[in-house]
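Listed below, chain by chain, are the residues.
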Amino acid sequence: MHDDEDEISRSPPEDLFRTGIGPPPDAKLDRAIQERIGRELRQLYEEILNEPLPERLLALLEAQGTLH
Amino acid sequence: LTLDPALRDLMLATIPSLRAFAVSLTGSSDRADDLVQETLMRAIANINRFESGTNLNAWLFTILRNLFHSEYRKRKHEVEDADGSYAVRLSTPPEQNDRLNFEDLKRALAQVPVDQREALLLVSAEGLSYEEAAHVCGVVVGTVKSRVNRARARLAQILALDHESEFGADPVVKAALQNPS
C-alpha cells in the first residue's frame, strides 16, 4: 500500500461544476441522501447477484476441478 | 496446474460479487464477464502467490480492480461522460421515494470518476470496511473516505437527489416556516 495524495486538500476537477447544479463535491451530503444512495447501490448489486452466472466462468473453475 | 478444491470453491462463491462489482464499475455485462474471466485466469495462474489464510475475496477484488485500471487507461474516453451531457438530461429530480431505474443508475455511475466510483462500490454496495477497500485500491483509509464522500456527492448531483433536500418541501410552506409572523 502506498501513501496516496490527500484528496481533501486538492481542488476538485473543473468538470464537476459544468452542469451548474448541486453542491460542491466536498459538501457534506444530507444523511437521508447518503442512505438513499447506499440503498440504490445495494439494490443494483442485488439485481446483478441474482443473475445466472455465465457458463464460461463456471467452466473455467470446473476445469480446475478435473485437473486436480 | 492444480487448484486446491477448497480454494476453487471459495473462488466459485466469490464470482457473483466479482460480477456485481465489475458490472457496476464498467456499466456493461459483457465487459464485466470478460473482466471476471481474466481475473479468475490470473488468480489461477498466480495461485502460488496467494497466502493461505489471508482474504481471498480481497485478493480477487484487487486483481479485478488492477485489470480494470489497465483496460481503463487504454479506453478512458469511452468510460466517462466527461462533458456532463447525461447530467443535463437528468435535470428533473426524481420523486423522493421512487426507486431509480437501474440503467439510469449505471449511466450515472459511469460519470463518477473511476477512483471514486470503485471506492463507493466497494464500501456502499459490496460492504467492505474502509480498511479493506483501502487495501484493494492500494491507498490509505483517509483517501478511501474522501473518495466515497466525493462519489456520493457527484452521484447525488447527477441524479438530482440533492434537489430533494434543497427543494423537497413546498416553497410556500418553507417560507411560512421561516417567517412565522
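No experiment lies behind these values; they were computed from the predicted model shown.

Residue and element names in this part refer to chain B. Mapped onto the secondary structure, Leu3 falls in the segment before helix H1 (5-26). For Leu3, a relative accessible area of 2% translates into the label buried. Sequence separation between Leu3 and Gly27 is 24 residues, and the spatial gap between their C-alpha atoms is 31 Å.

Attention now goes to helix H6 (residues 102-111) of chain B. Three or more residues of H6 of chain B are buried, namely Phe102, Leu105, Lys106, Ala108, Leu109 and Gln111 of chain B. Measuring from the backbone nitrogen of Glu103 of chain B back to the side-chain oxygen at the start of H6 of chain B gives 2.7 Å, which picks out Asn101 of chain B as the cap.

Time to look at the environment of Ala58 of chain B. Residues and elements named next belong to chain B. Here Ala58 is to be found in helix H3 (residues 56-74). Sequence separation between Ala58 and Asp33 is 25 residues; the distance between their C-alpha atoms is 18 Å. Non-local contacts of Ala58, meaning those with residues more than four positions away in its chain, are made with His135 and Val136.

One turn of an α-helix holds 3.6 residues; hence residues three or four places apart share an orientation. Residues and elements named next belong to chain B. Helix length check: helix H9 (residues 141-158) (18 residues) gives 26 Å between terminal C-alpha atoms against 26 Å at 1.5 Å per residue, within 8%. Of all 18 residues in H9, 14 are buried; the element is thus mostly enclosed. The first or second residue beyond H9 is Ala160, which carries a positive phi of 60 degrees.

Evaluation of the coordinates by the stated rule reveals 12 salt bridges over all chains. The partner of Arg19 of chain B in a salt bridge is Glu51 of chain A, with the nearest N and O atoms 3.1 Å apart. Linking Arg19 of chain B in helix H1 with Glu51 of chain A in the loop between helix H1 (31-49) and helix H2 (55-67), this pair reaches from one chain into another. Judged by its relative accessible area of 4%, Arg19 of chain B is buried. Residue Asp33 of chain B is joined to Arg19 of chain B by a salt bridge in which the shortest nitrogen-to-oxygen separation is 2.6 Å. One end of the pair, Asp33 of chain B, is in helix H2 (residues 29-45); the other, Arg19 of chain B, is in helix H1, and 14 residues separate them in sequence. It is possible to trace a salt-bridge network through shared partners that takes in Glu51 of chain A together with Arg19 and Asp33 of chain B.

A word on the confidence of the model for chain B. Residues and elements named next belong to chain B. Here chain B shows a mean pLDDT of 82. Residues at 70 or above account for 76%. At the low end of the mean pLDDT range in chain B sits helix H11 (residues 171-178), at 42; at the high end sits helix H7 (residues 114-125), at 96. In the model, residues 166-181 has pLDDT below 50 throughout and makes five contacts with residues more than four positions away in sequence or in other chains. Model confidence for the complex is summarised by a pTM of 0.73, with the ipTM given as 0.75.

With that settled, the discussion passes to unusual backbone geometry. With a phi angle near 60 degrees, Ala160 of chain B is a residue other than glycine that sits in the positive phi range. A relative accessible area of 0% places Ala160 of chain B in the buried class.

What counts as what
Residues numbered from 1 in each chain as written. Chains lettered and ligands numbered in written order. Predicted model: local features only at pLDDT ≥ 70, side-chain atom pairs only at ≥ 80, totals over all residues. Heavy atoms only, no water. Helix = DSSP H or I, 4+ residues; strand = E, 2+ residues; numbered from the N terminus. Buried < 20%, exposed > 50% of the residue type's maximum accessible area, 1.4 Å probe, protein only. Polar contact = N/O pair within 3.5 Å; in protein donor to acceptor, adjacent residues only side chain to side chain. Contact = heavy atoms within 4.5 Å. Expected span 1.5 Å × (residues − 1). Salt bridge = Lys/Arg side-chain N within 4 Å of Asp/Glu carboxyl O. pLDDT = per-residue confidence, 0-100.

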